[in-house]
Amino acid sequence: MDNLIIFCAKYLIFIIGLVVLAVWARQKGKYRYKFVVTVVSAVTIALVLSKLAGLLYYHPRPFVTSGAQPLVSHTVDNGFPSDHTIVAMALAMIIYFYSQRLGIIAFILATLVGIGRVAAHVHSPIDIVGGTALGLLAGCAGYWLVGRLLNKKSKLPVV
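Residues numbered from 1 in each chain as written. Predicted model: local features only at pLDDT ≥ 70, side-chain atom pairs only at ≥ 80, totals over all residues. Heavy atoms only, no water.

Undergrad: Tell me about the pattern of salt bridges, and name the residues and values.
TA: Applying the stated criterion to the full structure yields 1 salt bridge. A salt bridge links Asp-77 to Arg-61, with the nearest nitrogen and oxygen atoms 2.7 Å apart. With Asp-77 in the loop between α3 (62-65) and α4 (83-98) and Arg-61 in the loop between α2 (30-56) and α3, the pair connects residues that are 16 residues apart, well separated along the chain. (Salt bridge = Lys/Arg side-chain N within 4 Å of Asp/Glu carboxyl O. Helix = DSSP H or I, 4+ residues; strand = E, 2+ residues; numbered from the N terminus.)

Okay, structure coming up:
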């Protein structure tokens, strides 16, 4: 069971990255560019929101407060919010905008990333909830922002 938790906590996010590549490969012409810009924008917004949230709220990691041994090595720092969950949810949101079926799969995978982080004792549920909310916000903001900026420069419809 520990190996499954470690996989979800540490490596499952890379599977979401492969889903991003699959969605990118399905795009045609100029839409590939728009998709890449949207992904980069959403992840950038997610990481900025993560840093801001971490400055506003401090929540120690479970292995620090409980003395439990984490299943994945981690530094002793602020656990709020979960960067893995923020990025995974932001990517899932973008994927959903381009492919609902793959987006639902990405949401399930992103949720498993968060559950894995809690089970590995590196995050508390509040860290995951915060990461989920901020990740979804970042995905929507990145999609909206790129849609607004690129549609002013070109005639590409908002997808």
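Undergrad: I'd like a description of the environment of Val-19, backed by residues and values.
TA: Tracing the backbone through its elements, the reader meets Val-19 in helix α1 (residues 2-26). In this structure, Val-19 is in contact with Ile-95, Leu-102 and Leu-109, ignoring residues within four places of it in sequence. (Contact = heavy atoms within 4.5 Å.)

Undergrad: Talk me through the layout of surface pockets; I want residue IDs and the actual numbers.
TA: Reported here for the largest pocket is a volume of approximately 190 Å³. Lining of the largest pocket is provided by 14 residues; of these, Ser-50, Lys-51, Asn-78, Pro-81 and Asp-83 occupy positions nearest its centre. Elements represented by at least two residues in the lining of the largest pocket include exactly α2 and α4. A per-element tally of the lining of the largest pocket places α2 first, with 4 residues. The class makeup of the residues in the lining of the largest pocket is 3 nonpolar, 6 polar and 5 charged. (1 Å grid on protein atoms, 1.4 Å probe; cavity = no way out; pocket = protein on both sides within 12 Å on 5 of 7 lines; lining within 4 Å. Points joined across faces, edges and corners; volume = space filled by probe spheres on them. Nonpolar A, V, L, I, M, F, W, Y, C, P; charged D, E, K, R; others polar.)

Undergrad: So what about the environment of Val-64? Which residues, and what values?
TA: Positionally, Val-64 belongs in helix α3. Placed 12 residues apart in sequence, Val-64 and Val-76 show a C-alpha to C-alpha distance of 7.0 Å.

Undergrad: Can you lay out the packing of α1 against helix α5 (residues 100-119) for me, pointing to particular residues and giving the numbers?
TA: Remark: α1 packs on α5, axes separated minimally by 7 Å, with the N-to-C direction vectors making an angle of 160°. One element, α1, and the other, α5, form an angle in the roughly antiparallel class. For the pair α1 and α5, the sense of crossing is left-handed. Contacts from Ile-5, Cys-8, Ala-9, Leu-12, Ile-13, Ile-15, Ile-16, Val-19, Val-23 and Arg-26 in α1 reach Arg-101, Leu-102, Ala-106, Leu-109, Ala-110, Leu-112, Val-113, Gly-116, Arg-117 and Ala-119 in α5. In terms of residue class, the contact of α1 with α5 is built from 16 nonpolar, 1 polar and 3 charged. (Axes fitted to C-alpha atoms, helices over the stretch in contact; angles between N-to-C directions. Parallel < 35°, antiparallel > 145°, perpendicular 65-115°, else oblique. Left-handed = near helix turned anticlockwise from the far one by under 90°.)

Undergrad: If you had to explain the side chain of His-59 to someone new, which residues and values would you point to?
TA: Residue placement: His-59 occurs in the loop between α2 and α3. Ignoring anything within four residues of it in the chain, the contact list for His-59 reads Asn-78, Gly-79, Phe-80, Ser-124, Ile-126 and Asp-127.

Undergrad: Describe in detail the packing of aromatic side chains, supporting the description with residues and values.
TA: One pass over the structure, following the stated rule, counts 5 aromatic pairs. Geometrically, the ring pair formed by Tyr-57 and Phe-80 is edge-to-face, given 4.9 Å between the ring centres and 85° between the ring planes. With a gap of 23 residues between them, Tyr-57 in the loop between α2 and α3 and Phe-80 in the loop between α3 and α4 connect regions that are remote in the sequence. Judged by relative accessible area, Phe-80 falls into the buried class, the value being 15%. One aromatic cluster is present, formed by Phe-35, Phe-97, Tyr-98 and Tyr-143 through successive ring pairs. Over the aromatic face of Trp-24 sits the side chain of Arg-32, whose NZ or CZ is 4.4 Å from the ring centroid. (Phe/Tyr/Trp six-rings, centres within 6.5 Å; stacked < 30°, edge-to-face > 60°. Buried < 20%, exposed > 50% of the residue type's maximum accessible area, 1.4 Å probe, protein only. Lys NZ or Arg CZ within 6 Å of the ring centre and 35° of its normal.)

Undergrad: Outline unusual backbone geometry, listing residues and values.
TA: When glycine is set aside, most residues are seen to have a negative phi, and most peptide bonds are trans. Cis geometry is adopted by the peptide bond preceding Pro-81, which originates at Phe-80 and carries an omega value of -15°. By the secondary structure assignment, Pro-81 is in the loop between α3 and α4. The phi torsion at His-121 lies on the positive side, around 70°, for a residue other than glycine. Note on placement: His-121 falls in the loop between α5 and α6 (125-153). The class of His-121 is partly exposed, set by a relative accessible area of 31%.

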